[in-house]
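Notes for the structure review
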Amino acid sequence: MITALLNKFRKRNKQKLREKKKNRKLEEKKASWTSRWGSDEFNPFWAREDFPDSIQELIDDGSIPQGASLVDIGCGSGYLSAMLSEQGFNVIGFDFASTAIERARAAYPEIPGKLRYFIADATASMPFQETFRIGIDKGTFHMLPKINRPDYVNSISKIIEKGGLLLMFYARHIAVKLCRSSGDEPGEIMKGHILKLFTPLFAIEDIRPMTFKDTMEGGKAGFLIILRRK
Ligand SMILES: C[S@@+](CC[C@H](N)C(=O)[O-])C[C@H]1O[C@@H](n2cnc3c(N)ncnc32)[C@H](O)[C@@H]1O
């Protein structure tokens, strides 16, 4: 009896500590991104001129159907959201950094019914009602602390329609951090990590090598993960 009570107490305590750690990690990230986007000096090239070829290919081959509703998860200063809306997609971009959304609204103004922005956290519930055929995550999930990732899957699964796609970019140098030893193949380890987290809400449809454009010559290697909402 006492042992059972003790175990219950320990379990509850562990859960509380985990919740605390999750909130702390997320708040740290949010403060850091809010400060970066709030500084005039922060003007990364990927936020203004990196429309991924791999997304254009999916548009051209019809995998992203013309006119589809689309959500840009962690939209930063809005470049990708705006370029997609220019191509005829109905886009909502959201980011948890208010300073990013301020920049997005200033650089690429909202167009009613076509391009809108929200301040929202990808690991929590959304401040809008819409669901989407396509979700694009360029650089958000791969930067999330591991402890916050299950909440991301849960929350994003609620806004992607059944049968819809979630397209996620994962840089190779970040995938390397998931490896336990230098002999591990980052792509394989990352695939296992994604499978474990996203199953059964999503199925992996494909993982394609891709190159992030970069100021470095040749760009940075990475992966485009194509997930289908089940
Ligand atoms: C590497 S930047 C990429 C920005 C944009 N996708 C682009 O390619 O220009 C990652 C973005 O994700 C946002 N972000 C990180 N964690 C987030 C979260 N939990 N919810 C919403 N946005 C988040 C950051 O504020 C940042 O704008």
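Report follows, based on the coordinates. (Residues numbered from 1 in each chain as written. Predicted model: local features only at pLDDT ≥ 70, side-chain atom pairs only at ≥ 80, totals over all residues. Heavy atoms only, no water.)

1. Topic: the site of the ligand
Taken together, 17 residues form the shell around the ligand, and within it Trp37, Gly74, Asp95, Ala122 and Lys138 come nearest. Here Phe96 contributes a backbone N or O atom positioned 3.2 Å from a nitrogen atom of the ligand. Within the side chain of Lys138, a nitrogen or oxygen atom sits 2.5 Å from an oxygen atom of the ligand. Contact with the protein chains removes 95% of the 590 Å² of surface that the ligand exposes when unbound. Its residues placed into classes, the shell around the ligand shows 10 nonpolar, 4 polar and 3 charged. (Near = heavy atom within 4 Å. Polar contact = N/O pair within 3.5 Å; in protein donor to acceptor, adjacent residues only side chain to side chain. Areas by Shrake-Rupley, 256 points an atom, 1.4 Å probe, with all protein chains shown as cover. Nonpolar A, V, L, I, M, F, W, Y, C, P; charged D, E, K, R; others polar.)

2. Comments concerning the environment of Arg105
Positionally, Arg105 belongs in helix α4 (residues 98-107). Residue class for Arg105 comes out partly exposed when judged on its relative accessible area of 38%. C-alpha separation for the pair Arg105 and Ser77, spaced 28 residues apart in sequence, amounts to 8.0 Å. Filtering out sequence-adjacent residues up to four positions away, Arg105 remains in contact with Glu110, Tyr117 and Phe118. Here Tyr117 takes part through its backbone oxygen, which lies 2.8 Å from a polar atom of the side chain of Arg105. (Helix = DSSP H or I, 4+ residues; strand = E, 2+ residues; numbered from the N terminus. Buried < 20%, exposed > 50% of the residue type's maximum accessible area, 1.4 Å probe, protein only. Contact = heavy atoms within 4.5 Å.)

3. Remarks on α4
Three or more residues of α4 are buried, namely Thr99, Ala100, Ile101 and Ala104. The secondary structure elements touched by the buried residues of α4 are α1 (2-38), β2 (90-95) and β3 (115-119).

4. Observations concerning the pattern of salt bridges
Side-chain pairing between opposite charges can occur once the charged atoms of the two side chains come close. Throughout the structure, instances matching the rule amount to 10 salt bridges. Here Glu28 ties to Arg24 by a salt bridge, and the two come within 3.6 Å at their closest N and O atoms. Placement of the pair is Glu28 and Arg24 together in helix α1, with a separation of 4 residues, close to one helical turn. For Glu28, a relative accessible area of 44% puts it in the partly exposed group. (Salt bridge = Lys/Arg side-chain N within 4 Å of Asp/Glu carboxyl O.)

5. Side note on a nonpolar patch on the surface
The grouping of Ile2, Leu6 and Phe9 at the surface amounts to a nonpolar patch, some 340 Å² of accessible area in total. Among the secondary structure elements, Leu6 is positioned in helix α1. (Patch = residues over 30% accessible without salt bridge, like charges linked within 9 Å, V, L, I, M, F, W, Y side chains within 5 Å.)

6. Remarks on the sheet that holds strand β4 (residues 132-137)
Spatial strand order, β3-β2-β1-β4-β5-β7-β6: 7 strands in an open sheet with mixed pairing. Pairing within the sheet leaves two strands with one partner each, and these edge strands are β3 and β6 (202-212). The sheet shows a mean angle of 20° between the axes of neighbouring strands, direction not considered. (Pairing = 2+ DSSP bridges. Axes fitted to C-alpha atoms, helices over the stretch in contact; angles between N-to-C directions.)

7. Brief notes about the packing of aromatic side chains
The geometry of an aromatic ring pair comes down to the distance between the two centres and the angle between the two planes. A full pass over the atoms with the stated rule returns 13 aromatic pairs. Measuring from ring centre to ring centre gives 6.2 Å for Phe141 and Tyr170, while their planes differ by 65°; the resulting arrangement is edge-to-face. Placement of the pair is Phe141 in the loop between β4 and α5 (149-157) and Tyr170 in strand β5 (residues 160-171), with a sequence separation of 29 residues. Classification of Tyr170 by relative accessible area gives buried; the value is 0%. (Phe/Tyr/Trp six-rings, centres within 6.5 Å; stacked < 30°, edge-to-face > 60°.)

8. Considerations on the pairing of β5
Here β5 lies mainly inside the structure; 9 of its 12 residues are buried. For β4 and β5, the ladder comprises 5 bridges, and the chain directions are parallel. Directly across from Phe132, in β5, lies its bridge partner Ile160. At this point the chain moves from β4, through α5, to the parallel β5, and the crossover so formed is right-handed. In this sheet, strand β7 (residues 220-229) lies alongside β5 in antiparallel orientation, the contact comprising 7 bridges. What sits directly across from Tyr170, in β7, is Phe223. (Right-handed = clockwise from strand over helix to strand, strands pointing away.)

9. Quick notes on the pairing of β2
For β2, the tally of buried residues reaches 5 of 6 residues, placing the bulk of the element in the interior. Taken together, the 5 bridges between strand β1 (residues 69-73) and β2 define a ladder with parallel strand orientation. Across the sheet, the residue bridging to Ser69 is Asn90, located in β2. Of the crossover connections in this fold, the one passing from β1 over helix α3 (residues 79-86) to the parallel β2 is right-handed. Examined bridge by bridge, β2 and β3 share 5 bridges and lie parallel to one another. Bridge assignment links Ile92 to a residue of β3, and that residue is Arg116. In terms of handedness, the path from β2 via α4 over to β3 forms a crossover that is right-handed.

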